[in-house]
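# Structural characterization, general
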Amino acid sequence: MFKWDILSVEPKRDYTLLITFAKGKKRIFDCKKYLLEKPYAHKLKDIDFFMRAKADHFTVAWSEDLDIAPEYLYENSVAVK
């Protein structure tokens, strides 16, 4: 298991994700910047769609064609204290 493998995710209505990574490390990923930078992420602007985030094969996914690489999520998130 890699440090960035995702065990669970909890989407929040403020477009953040509370992610539990390997070994129980919790981190917050703010999707607002991601939504602005990644044109293919436009679907995530719909809050109802965003709230469907789930842990899927050690990453976060919304559908078969929309996910975010776990290493990107890990490197661009902040630790929960």
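Residues numbered from 1 in each chain as written. Predicted model: local features only at pLDDT ≥ 70, side-chain atom pairs only at ≥ 80, totals over all residues. Heavy atoms only, no water.

## Describing the nonpolar core
Of all hydrophobic cores here, the largest spans 22 residues; its most connected members are L17, I19, L44, V60 and W62. Counting residues per element, the ones that place at least two in this core are strand 1 (6-11), strand 2 (16-21), helix 1 (31-37), helix 2 (47-50), strand 5 (59-63), strand 6 (66-68) and helix 3 (70-75). For V60, the residues in contact, after removing those within four places along its chain, are I6, V9, L17, I19, A53, K54, D67, I68 and L73. (Core = buried A, V, L, I, M, F, W, Y, C linked by side-chain atoms within 4.5 Å. Buried < 20%, exposed > 50% of the residue type's maximum accessible area, 1.4 Å probe, protein only. Helix = DSSP H or I, 4+ residues; strand = E, 2+ residues; numbered from the N terminus. Contact = heavy atoms within 4.5 Å.)

## Quick notes on the packing of aromatic side chains
Applying the stated criterion across every chain, the model contains 6 aromatic pairs. A ring pair is formed by Y15 and F50, whose centres lie 5.1 Å apart and whose planes are at 55°; its orientation type is tilted. Linking Y15 in the loop between strand 1 and strand 2 with F50 in helix 2, this pair joins segments that are 35 residues apart in sequence. For F50, a relative accessible area of 0% puts it in the buried group. Seen from their ring centres, F29 and Y34 are 6.1 Å apart, and the 70° between their planes marks the pair as edge-to-face. A single burial state applies to F29 and to Y34, both of which are buried. Each member of the aromatic cluster is reached from another via a ring pair, and the members are Y15, F50 and W62. (Phe/Tyr/Trp six-rings, centres within 6.5 Å; stacked < 30°, edge-to-face > 60°.)

## Looking at unusual backbone geometry
You will see that K23, though not glycine, has its phi angle at about 65°, which is positive. Summarising the element assignment, K23 is placed in the loop between strand 2 and strand 3 (26-30). Take K23: its relative accessible area is 80%, and that puts it in the exposed class. Despite not being glycine, F58 has its phi angle at roughly 65°, a positive value. Turning to its location among the elements, F58 is positioned in the loop between strand 4 (54-56) and strand 5. For F58, a relative accessible area of 40% puts it in the partly exposed group.

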